[in-house]
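# Breakdown of the fold
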Amino acid sequence: MAKFDNVSKNTDDQLTEQLGQLKREQFNLRFQAATNQLEKPSRVREVRRTIAQIKTLQNERARAARPKA
C-alpha cells in the first residue's frame, strides 16, 4: 500500500493529470496485448489498480467537500 500513500499526497489537479496518463497507457497496453507485443503483462494489472485508487480518492474527496444535508 505504499503506492497508495504516494497517490493520496497529490493534489486534485495532479490526480486528474495522472489519471489521464494512466488511461492512455492502459489503452496502449491493450493494443500491445492484442498484438502479442506485451513485454510486461503485470503492468496491465498495476495500471488498472492505480486508476481505481485514483478514482476512489477523487470520490472520497468529492464526498468530503459536499455539505451535509
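Here, the structure is the one placed above.
Residues numbered from 1 in each chain as written. Predicted model: local features only at pLDDT ≥ 70, side-chain atom pairs only at ≥ 80, totals over all residues. Heavy atoms only, no water.

### Topic: the overall build of the chain
For clarity, the threshold we go by: Runs of H or I in DSSP of at least four residues are treated as helices and runs of E of at least two as strands, each being numbered from the N terminus. The globule rule used here is 2.2 Å times the number of residues to the 0.38 power, and the radius of gyration it is set against is calculated over C-alpha atoms. Burial here depends on accessible area, computed with a 1.4 Å probe over protein chains only, as a share of the maximum for the residue type. Under 20% is buried, over 50% is exposed, and the range in between is partly exposed.
What the chain contains, in helices and strands, is three helices and zero strands. When its helices and strands are written in sequence order, the chain yields α-α-α. Against the globule reference of 11 Å for 69 residues, the chain gives a C-alpha radius of gyration of 15 Å, more extended than a compact globule. Projected onto the principal axes, the alpha-carbon positions of the chain cover approximately 50 × 20 × 20 Å. Of all 69 residues assigned to the chain, the portion counted as buried reaches 14%.

### Regarding helix H2 (residues 12-34)
To keep it simple, the criterion reads: Multiplying 1.5 Å by the helix residue count minus one yields the expected span of that helix.
Over its 23 residues, H2 extends 33 Å from the first C-alpha to the last, a length consistent with the 33 Å expected when each residue adds 1.5 Å. At the exit of H2 stands Asn-36, carrying a positive phi of roughly 55 degrees.

### Let's talk about the packing of H2 against helix H3 (residues 42-65)
The cut-off we apply is this: For helices, the fitted line uses only the C-alpha atoms of the stretch in contact; every axis is such a line through C-alpha atoms, and the angle between N-to-C directions lies from 0 to 180 degrees. Note that the term roughly parallel is reserved for angles under 35 degrees, roughly antiparallel for angles over 145, roughly perpendicular for angles of 65 to 115, and oblique for everything else. Crossings are assigned a handedness: left-handed for a near helix turned anticlockwise from the far helix by less than a right angle, right-handed for a clockwise turn. Residues count as neighbours in contact if any of their non-hydrogen atoms are within 4.5 Å of one another. For this scheme, ten residues count as nonpolar: Ala, Val, Leu, Ile, Met, Phe, Trp, Tyr, Cys and Pro. Four count as charged, namely Asp, Glu, Lys and Arg, and the remainder, Gly too, count as polar.
Contact geometry for H2 and H3: axes closest at 10 Å, N-to-C directions at 150 degrees. Between H2 and H3, the crossing angle belongs to the class labelled roughly antiparallel. For the pair H2 and H3, the sense of crossing is left-handed. Taken together, the residues of H3 that come into contact with H2 (itself represented by Asp-12, Leu-15, Thr-16, Gln-18, Leu-19, Leu-22, Lys-23, Glu-25, Gln-26 and Leu-29) are Arg-43, Val-44, Val-47, Arg-48, Thr-50, Ile-51, Ile-54, Lys-55, Leu-57, Gln-58 and Arg-61. Grouping the amino acids of the contact of H2 with H3 by side-chain chemistry returns nine nonpolar, five polar and seven charged.

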